[in-house]
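# Per-entry structural report
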Amino acid sequence: MEALNTLSVVFFVVGILSLLGAVSLTIVTLYKRKAALQRMRQMLDAAIDGSFTESTFDESLYSAVENKLSEYLNASETSGRRTAEEKDRIKALIADISHQTKTPISNILIYTELLKEQGLSEEARQSVTLLESQAQKLSFLIATLVKLSRLETGIIALHPREDSVAGLTEEVCKQFDQRVRDKGLYLRMESRDMQEVTAVFDAKWTGEALGNVIDNAIKYTKTGGVTVTIKPYDLFVGIEVADTGIGISEEEQAKIFGRFYRTMEVRGEDGLGIGLYLSRQILQMEGGYIKVASEAGKGARFTLHLQKKI
């Protein structure tokens, strides 16, 4: 009986020791896990503020995970640094192209103006006029490509703020007054009772986007004209540009916002096929979007949607 009691005591003590051992192991495991997570958080914080440096870890499981995270962060930092360096190189190249081409083209245009003042024959005058036209096209081409490169590489930063949509629309439409008169078209802006309507946008670049759409509408309209209408919605304000031009077939509508894409009907006209692409990119960068509704031969209706202030 005494031996049985002794054996019971031994089992009890062993059970207590096993329980204590299990509790201790759990505590140590939780401590290591907490320490590892804390260390990883410190590594991520250091990576975010740019002060991350590689450390030496032991060969435990948690340290192996830390080691992998360290390798990833080092690779990410290197990749980020290379991306920043590449962007700086692109920025410098774009600036150089812009600078190196601006002066020669300006000089060509100046000299063509001087030549026009000379007593030229009719044939020579036509050649000078053609030279001037081509120089202006080249200037537009380079300026547009530089603008596109800056936008796509993130060099250009948009600064949206709440502003008057009618004010933006009126300012852009004024730029085309002479153009529509020369073509015998009308350009109407329907913004009555819309002077208080506001949205959040970058005035300079949204004006560029709207100008591209109006420019296309005038370019591809031979009779009639263009109507610009402001349409408030719950979350957006729409600027609708409707023309009476050649229209766009349903098959082409999904393609016209692509970079350098031009439909077969307009390839004989001046242009690069990036105006609508730029407009879409600009609107997306400030939380808006653009859509089109059209039928071939029945005009087109583009609507630029600008976010309202929430």
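For the structure itself, consult the block above.
Residues numbered from 1 in each chain as written. Predicted model: local features only at pLDDT ≥ 70, side-chain atom pairs only at ≥ 80, totals over all residues. Heavy atoms only, no water.

## Overview of the overall build of the protein chain
Formally: A run of H or I in DSSP becomes a helix once it reaches four residues, and a run of E becomes a strand once it reaches two; helices and strands are each numbered from the N terminus. Buried residues are those whose accessible area, probed at 1.4 Å on protein chains only, stays under 20% of the maximum for their type, while exposed residues exceed 50% and partly exposed ones sit between those limits. Throughout, a residue-residue contact means that at least one pair of heavy atoms, one from each residue, lies within 4.5 Å.
Looking only at helices and strands, one finds eight helices and seven strands in the protein chain. Taking all 310 residues of the protein chain together, the buried fraction comes to 32%. Of the contacts formed within the protein chain by residues at least 6 apart in sequence, a portion of 69% connects residues at least 24 apart.

## Some details on the sheet that holds strand 5 (residues 236-243)
Across a sheet, strands are paired by hydrogen bonds formed along the backbone, either parallel or antiparallel in direction. Put simply, the rule is: The rule for pairing is simple: two strands pair if DSSP sees at least two bridges between them. Here, axes are lines fitted to C-alpha atoms. For helices the fit covers the stretch in contact, and angles between N-to-C directions go from 0 to 180 degrees.
Read from one edge to the other, the open sheet built from five strands follows the order 2-4-5-7-6, with strand pairing classed as mixed. On the outer flanks of this sheet lie strand 2 (186-190) and strand 6 (289-294), each paired with one strand and no other. Between one strand axis and the next, the sheet turns through 15 degrees on average, direction left out of account. Alignment of strand 4 (residues 225-232) against strand 5, held across seven bridges, turns out to be antiparallel.

## A look at the pattern of salt bridges
Heads up, the condition is: Whenever a carboxyl oxygen of Asp or Glu lies within 4 Å of a side-chain nitrogen of Lys or Arg, that contact is scored as a salt bridge.
Scanning the model with the defined rule gives nine salt bridges in all. The residue E162 makes a salt bridge to K309 at a minimum N-O spacing of 3.7 Å. Here E162, found in strand 1 (residues 161-164), pairs with K309, found in the segment after strand 7 (300-307); they are 147 residues apart in sequence, far enough to count as distant. Accessibility expressed as a relative area gives 37% for E162, which makes it partly exposed. K309 gets classed as exposed once you look at its relative accessible area, which sits at 59%. Salt-bridge contacts for K219 lead to D215; the nearest nitrogen and oxygen are separated by 3.9 Å. Of this pair, K219 and D215 both sit in helix 6 (residues 203-219), four residues apart, which is roughly one turn of the helix. Residue D215 is classed as partly exposed on the basis of its relative accessible area of 23%. Each of E113, K116 and E132 takes part in one network of salt bridges that share partners.

## Observations regarding the packing of helix 4 (residues 165-174) against helix 6
Applied cut-off: Roughly parallel covers angles under 35 degrees, roughly antiparallel covers those over 145, roughly perpendicular covers 65 to 115, and oblique covers all other angles. For a crossing to be left-handed, the near helix must be turned anticlockwise from the far one by less than a right angle; the clockwise case is right-handed. Side-chain classes follow a simple rule in which Ala, Val, Leu, Ile, Met, Phe, Trp, Tyr, Cys and Pro form the nonpolar group, Asp, Glu, Lys and Arg form the charged group, and the remainder, Gly included, forms the polar group.
Two numbers describe how helix 4 lies on helix 6: the axes approach to 10 Å, and their chain directions differ by 50 degrees. What the angle tells us is that helix 4 and helix 6 run oblique. Relative to helix 6, helix 4 is oriented so that their crossing is right-handed. Residues L168, T169, V172 and C173 of helix 4 form the contact with helix 6, whose own contacting residues are A203, T206, G207, L210, G211 and I214. A breakdown of the residues in the contact of helix 4 with helix 6 according to their chemical character gives six nonpolar, four polar and no charged.

## Regarding the nonpolar core
Inclusion rule: What makes a nonpolar core is a set of buried Ala, Val, Leu, Ile, Met, Phe, Trp, Tyr and Cys residues whose side-chain atoms join them at distances within 4.5 Å.
Formed by 44 residues in total, the largest nonpolar core has its most connected members in V165, I214, I239, V241, F302 and L304. With seven residues, helix 6 is the single largest residue contributor to this core. Other than its neighbours up to four places away in sequence, I214 contacts V172, C173, F176, L187, V228 and V241.

## Considering helix 6
The criterion, for reference: In a helix, the anticipated span is given by 1.5 Å times the number of residues less one. Any N or O atom pair separated by 3.5 Å or less is treated as a polar contact, with the protein-specific requirement of one donor-capable and one acceptor-capable atom, and with residues adjacent in sequence counted only for side-chain atom pairs.
If you check helix 6, its first and last C-alpha atoms are 24 Å apart, about what 17 residues at 1.5 Å a residue would give, namely 24 Å. Burial of helix 6 is extensive: twelve of the 17 residues sit out of reach of the surface. Sitting at the amino-terminal end of helix 6 is D202, which places a side-chain oxygen 3.1 Å from the backbone nitrogen of K204.

## Focus on the packing of helix 6 against helix 8 (residues 275-285)
Geometry of a packed helix pair, given as the angle between the helix axes and the separation of the axes. It is at 9 Å that the axes of helix 6 and helix 8 come closest, and there the two elements cross at 150 degrees. One finds that helix 6 runs roughly antiparallel with respect to helix 8. With respect to the hand of their crossing, helix 6 and helix 8 are arranged in left-handed fashion. Between helix 6 and helix 8, the contacting residues are W205, T206, E208, A209, N212, V213 and N216 on the first element and G275, L276, L278, S279, I282 and L283 on the second. Classifying every residue of the contact of helix 6 with helix 8 gives seven nonpolar, five polar and one charged.

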